[in-house]
Amino acid sequence: MRSLVDAQREVLAAMTKLPAASAPLGECLGLVLADDVVAPHAVPPFANSGMDGFAVRAVDVSSVPVTLTVVEDLPAGSVARSVVAAGTAIKIMTGAPMPQGADAVVIVEDSESREAGKVTLLTPANSGDHVRRAGGDVECGATVLTAGTRINPMHLGLLASVGAGEPLVVARPTVAVLSTGDELVSVEAPALRPGAIHDSNRPMLIGLLTELGVEVLDLGIVPDDARLLRSVLGEAASNADAVLTSGGVSMGEYDLVKQVLTELGRVDFWKVAMQPAKPFAFGFLGDTPLFGLPGNPVSVMVAFEQFVRPALLARMGAARLFRRRSVAVLNTSITTNPAKTVFVRVRVEYGPKGMTVAPSGGQGSNVLSALAAADAFAVVPVGAGEVAAGATVELEWFRSPEVRTREEVLGG
Ligand code: AMP
Ligand code: MG
């Protein structure tokens, strides 16, 4: 039996980064920067007004009220034709470049316009008031994002603000997925025959992969038939950057998947000291990493989270591979196997004393309903065994759901 961290270490050590290429910014969400991004210009690129008002020389507005001559109207996107000279002002909109001569903006709420072409300012101005300086957000030449950053929507905005329209990103992996087992029937099929169950692993894995932002190659269900399995795995290995199978890797069963994997590639069959997801196969079909996930759906999801997701992120070039963890108080006592790292599926509740967690339902590795009701894993380390109600547990979040109803937020 190997420890979880040893198994994770071994998987990650075998991962190579995919090649990098420039891509249009619109296609970069979820991909990873292959290089630092340096701002070729400042943001904002020029000093501009932070408010609608009047661009003035602060010295002209040191004692108020004072009436100035308005020499121009300046919308955002235009450059002033005139200079703000003594005794004058330019009416300016938010975002318009500061005119030459002006060093402050008096907001429109602090002015009165009784006479055409004039404005009376009611509050004194200091140099720099309501002026957003060039480079106040990003200085020219600054590194805005570093290599290894996985691009989120806010990063897309930041990259656009510095004109990075085609950043260098690591390629999006293609990941092949197939389910194995004679008992499996696709959910699209009209009905279950006696002894059959629906293939739930594949839709779940495709969802997890889609959320991760990789390309999915769905190879369907492969029955327990060596010839078929050989041909589908061969196709998977030559067309994908990683292959995920589920089923057929546990001990003491009909070892067809094992036999075919062993014959096609260099694949090891592991027992990892974790629960669920103890049986796990890992290796290569040619140059393509192969993850042989267990059959039970909860084990599949846990193995995906602990091995596949970090490994794919490593192939994608990400600097950070593992999910957020935080601590929470346990509502009820739980008993776990002290020889294993146990991933208890828990539901998070928010009360007056902060966040608490409780198991979201049955903890069998086939109980998908409790996994679907969970927000996080409570990760109980080797050696812990029983954890008492009121004790603190470490959480690993795998969802960021909407939890507050309209009534809770806005009232009845
Ligand atoms: P196995 O390791 O292939 O014996 O599978 C272990 C358990 O997981 C068995 O009860 C299988 O029926 C079940 N199982 C395997 N693959 C799937 C799947 N794709 N969807 C749902 N259950 C599965
Ligand atoms: Mg099977």
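Residues numbered from 1 in each chain as written. Chains lettered and ligands numbered in written order. Predicted model: local features only at pLDDT ≥ 70, side-chain atom pairs only at ≥ 80, totals over all residues. Heavy atoms only, no water.

> Can you walk me through the domain arrangement of the protein chain in this structure?
How big an interface is tends to be expressed through the accessible area that disappears when the partners come together. Taken domain by domain, the protein chain holds domain 1 (4-15 + 172-315), domain 2 (20-40 + 147-170), domain 3 (48-132) and domain 4 (325-410). Computed from C-alpha atoms alone, the centre-to-centre distance between domain 1 and domain 4 is 26 Å. The interface is formed by 16 residues belonging to domain 1 together with 16 residues belonging to domain 4. Where domain 1 abuts domain 4, roughly 1400 Å² becomes buried across the two surfaces, and 65% of that area is made up of carbon and sulfur atoms. Among the residues of domain 1 in contact with domain 4, Gln275, Val298 and Met301 are the three that bury the most area, contributing 38% of the side total. Where domain 1 touches domain 4, the interface holds zero salt bridges. Per-element accounting of the side of domain 1 that touches domain 4 gives the leading share, seven residues, to helix α6 (residues 297-315). Grouping the constituent residues of the side of domain 1 that touches domain 4 by class yields nine nonpolar, five polar and two charged. (Domains from an automatic or database assignment. Contact = heavy atoms within 4.5 Å. Buried area = accessible area lost by both parts, 1.4 Å probe. Salt bridge = Lys/Arg side-chain N within 4 Å of Asp/Glu carboxyl O. Helix = DSSP H or I, 4+ residues; strand = E, 2+ residues; numbered from the N terminus. Nonpolar A, V, L, I, M, F, W, Y, C, P; charged D, E, K, R; others polar.)

> What is the right way to read the packing of helix α4 (residues 226-239) against helix α5 (residues 256-264) from this model?
Each pair of packed helices can be described by the angle between their axes along with the distance between the axes. In contact at an axis separation of 10 Å, α4 and α5 are set at 45° when each is read in the N-to-C sense. Classified by the interaxial angle, the pair formed by α4 and α5 is oblique. The two elements α4 and α5 cross, and the hand of that crossing is right-handed. Residues Ala226, Leu229, Arg230 and Leu233 of α4 lie in contact with α5, whose contacting residues are Leu256, Val257, Val260, Leu261, Glu263 and Leu264. Classifying every residue of the contact of α4 with α5 gives eight nonpolar, no polar and two charged. (Axes fitted to C-alpha atoms, helices over the stretch in contact; angles between N-to-C directions. Parallel < 35°, antiparallel > 145°, perpendicular 65-115°, else oblique. Left-handed = near helix turned anticlockwise from the far one by under 90°.)

> What is the right way to look at the pattern of salt bridges in this model?
When the charged atoms of two side chains with opposite charge come close together, those side chains can pair. Per the counting criterion, the structure on display carries 13 salt bridges. Ionic pairing is found between Arg133 and Glu139, a salt bridge with its closest N-O pair at 3.1 Å. Relative accessible area serves as the criterion here: at 46%, Arg133 is assigned to the partly exposed category. Ionic pairing is found between Asp218 and Arg202, a salt bridge with its closest N-O pair at 2.9 Å. Pair noted here: Asp218 is in strand β16 (residues 215-222) and Arg202 is in helix α3 (residues 201-212), with a separation of 16 residues, a long-range link. Judged by its relative accessible area of 41%, Asp218 falls in the partly exposed class. Classification of Arg202 as buried rests on a relative accessible area of 9%. Among the ionic contacts, a cluster of salt bridges with common partners joins Asp199, Arg202 and Asp218. (Buried < 20%, exposed > 50% of the residue type's maximum accessible area, 1.4 Å probe, protein only.)

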